[in-house]
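# Geometric and topological summary
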Amino acid sequence: MNEPPFRRAGGQNYLQIPIFIKIYFAMKKKYKWGILAPGKMSAKFTSGLKLLDNVELYAVGSRDKSRAEEFASVHGYKKFYGSYEELAADKEVDIIYIASPHSHHLEHTMMCLKNKKAVICEKAFGLNSREVKTMINEAERQEVFLMEALWPPFQPIYRKTKEILLGGALGKIIHLNCRFSFQAPFDPFDRKFNLQLGGGSLLDIGIYPVIDTLYFLGVPSEITAKASFSETGSENSISIIFVYKDGRMATLYSSFRTAGGIGCDLLCENGNLLFSRARDMSQCLTVALNGKEIQEYSLLPDGMGYQYEAMEVMKCLDEGKLQSTVVPHSFSLDLMNTLDRIRLAAGIVFPGRD
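### Focus on empty space enclosed by the protein
For the structure on display, the rule yields two cavities of 30 Å³ or more. The volume enclosed by the largest cavity comes to roughly 130 Å³. What lines the largest cavity is a set of 16 residues, among which Tyr 158, Asp 212, Ile 262, Phe 275 and Arg 277 lie closest to the centre. Elements supplying a minimum of two residues to the lining of the largest cavity: α6 (156-167), β9 (173-181), α7 (201-217), β13 (261-268) and β14 (271-277). A class-by-class count of the residues in the lining of the largest cavity yields ten nonpolar, three polar and three charged.

### Digging into the environment of Ser 73
With respect to the helices and strands, Ser 73 occurs in helix α2 (residues 65-75). Between the C-alpha atoms of Ser 73 and Pro 101, which are 28 residues apart in sequence, the distance is 23 Å.

### Describing the sheet that holds strand β7 (residues 118-122)
Here we have six strands laid out as an open sheet, ordered β5-β4-β3-β6-β7-β8, and parallel in their pairing. Only two strands of the sheet have a single partner each, and these edge strands are β5 (79-81) and β8 (146-149). Looking at each pair of strands side by side, their axes are set apart by 25° on average, direction ignored. In terms of strand pairing, strand β4 (residues 55-61) meets β5 through three bridges, oriented parallel. Paired with Ala 59 across the bridge in β5 is Lys 79. Sitting on the sheet, helix α1 (residues 40-49) is in contact with β3 (31-36), β4, β6 (95-98) and β7, with an inclination near 165° to β3. Contacting β3, β4, β6, β7 and β8, helix α8 (residues 307-318) crosses the sheet at an angle of about 130° to β3.

### What to know about the packing of aromatic side chains
Within this structure, the stated rule accounts for 13 aromatic pairs. Here the aromatic rings of Phe 71 and Tyr 77 are separated by 6.0 Å at their centres, their planes lie at 35°, and the arrangement is tilted. Looking at Phe 71, the relative accessible area reads 8%, which means it is buried. Given a relative accessible area of 5%, Tyr 77 falls into the buried group. Where Tyr 158 meets Tyr 215, the ring centres are 5.1 Å apart and the plane angle is 65°; that geometry is what we call edge-to-face. Taken together, the residues span a long stretch of sequence, with Tyr 158 in helix α6 and Tyr 215 in helix α7 at a distance of 57 residues. In this structure Tyr 158 comes out as buried when scored by relative accessible area, which is 3%.

### Let's talk about the pairing of β8
Consecutive side chains along a regular strand alternate between the two faces of the sheet. Judged from the four bridges that link them, β7 and β8 form a sheet pairing that is parallel. Considered in β8, the bridge of Cys 121 is made with Glu 148.

### Quick look at the confidence of the model for the protein chain
Per-residue confidence for the protein chain gives a mean pLDDT of 93, with 92% of residues at or over 70. Segment residues 9-27: pLDDT under 50, and 37 contacts once partners within four positions in sequence are set aside and those in other chains are kept.

### Here we look at the pattern of salt bridges
Two side chains bearing opposite charge may form a pair once their charged atoms approach each other closely. Using the criterion set out here, one finds 14 salt bridges in the structure. Between Lys 29 and Asp 94 there is a salt bridge; the shortest N-O distance is 3.6 Å. In this pair, Lys 29 sits in the loop between β2 (13-15) and β3 while Asp 94 sits in the loop between α3 (84-89) and β6, placing the two residues 65 residues apart along the sequence. The partly exposed category is assigned to Asp 94, whose relative accessible area is 21%. A salt bridge links Glu 56 to Lys 78; the nearest nitrogen and oxygen atoms lie 2.7 Å apart. Of this pair, Glu 56 sits in strand β4 while Lys 78 is found in the loop between α2 and β5, placing the two residues 22 residues apart along the sequence.

What counts as what
Residues numbered from 1 in each chain as written. Predicted model: local features only at pLDDT ≥ 70, side-chain atom pairs only at ≥ 80, totals over all residues. Heavy atoms only, no water. 1 Å grid on protein atoms, 1.4 Å probe; cavity = no way out; pocket = protein on both sides within 12 Å on 5 of 7 lines; lining within 4 Å. Points joined across faces, edges and corners; volume = space filled by probe spheres on them. Helix = DSSP H or I, 4+ residues; strand = E, 2+ residues; numbered from the N terminus. Nonpolar A, V, L, I, M, F, W, Y, C, P; charged D, E, K, R; others polar. Pairing = 2+ DSSP bridges. Axes fitted to C-alpha atoms, helices over the stretch in contact; angles between N-to-C directions. Contact = heavy atoms within 4.5 Å. Phe/Tyr/Trp six-rings, centres within 6.5 Å; stacked < 30°, edge-to-face > 60°. Buried < 20%, exposed > 50% of the residue type's maximum accessible area, 1.4 Å probe, protein only. pLDDT = per-residue confidence, 0-100. Salt bridge = Lys/Arg side-chain N within 4 Å of Asp/Glu carboxyl O.

Structure (structure tokens):
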């Protein structure tokens, strides 16, 4: 796999992708991957899998067999099933990627774990922290690998941002301003607006500003949140404030009503770090150190960057680990606990699940 470097403004190569995400191509083990719930996310994830030499695109499971067959044919999977149960029961499958709606993650993850399949499950891991704890407890009981599929922490832009912060020149972060918003036409039948499927901007896209803030500042001591709601009762825009015991703060925003884009501004003692990405997953980082020339870096990763999550799963399995050190179970629990606190503050309720 040819790994693209970060590039500085002017076209100079700046940084090769960090060593921790480089795949060991000489591995003896080639993992057979299964896809549970074919759709847009599964197609994106598959584009990343195709870049890895130790991946075998093996099987697809859907409630609609013709849909599974079509996805397998288009994307190069060998087998297809007309039920999720058949996929989970296939003894040849090593790892299952789960991309069903949030509301079904608990059910599908538990089924796969009980069939001794390593699982990488799309965010949000569940609808609440109770569900996440149940999944983690089952993974530990079965002694099977489990990881939430969080895109940001594996990306080169995050690694570079963390490296710059640890260098110390910018000083301490004082404030974060994080956002993820795009305009989505209201459709009561769309998953994004369906409360029974965990609809609303918070779990769908607002989770990314929360990930950003937890990654760089940790869990807040206080949370304030206000939301607006659609005709179906789903939240379609939310504004959040995190407050920390040392006085630092963060403002977070997500919405299906505004075209605000995707980004995070880290305002520090001696300058700012601004990073953003587009819907094609291209990544940009601007470093504005007080009194210094502004530096800009950009990267458009192959496979939209989804290969890094898959690489982590297989690396952990090769090393006999049951969880990732990049996205450990504790981070997923902190994330869902924080989302629960936000929902409570904003009055967001999932009927029958809260």
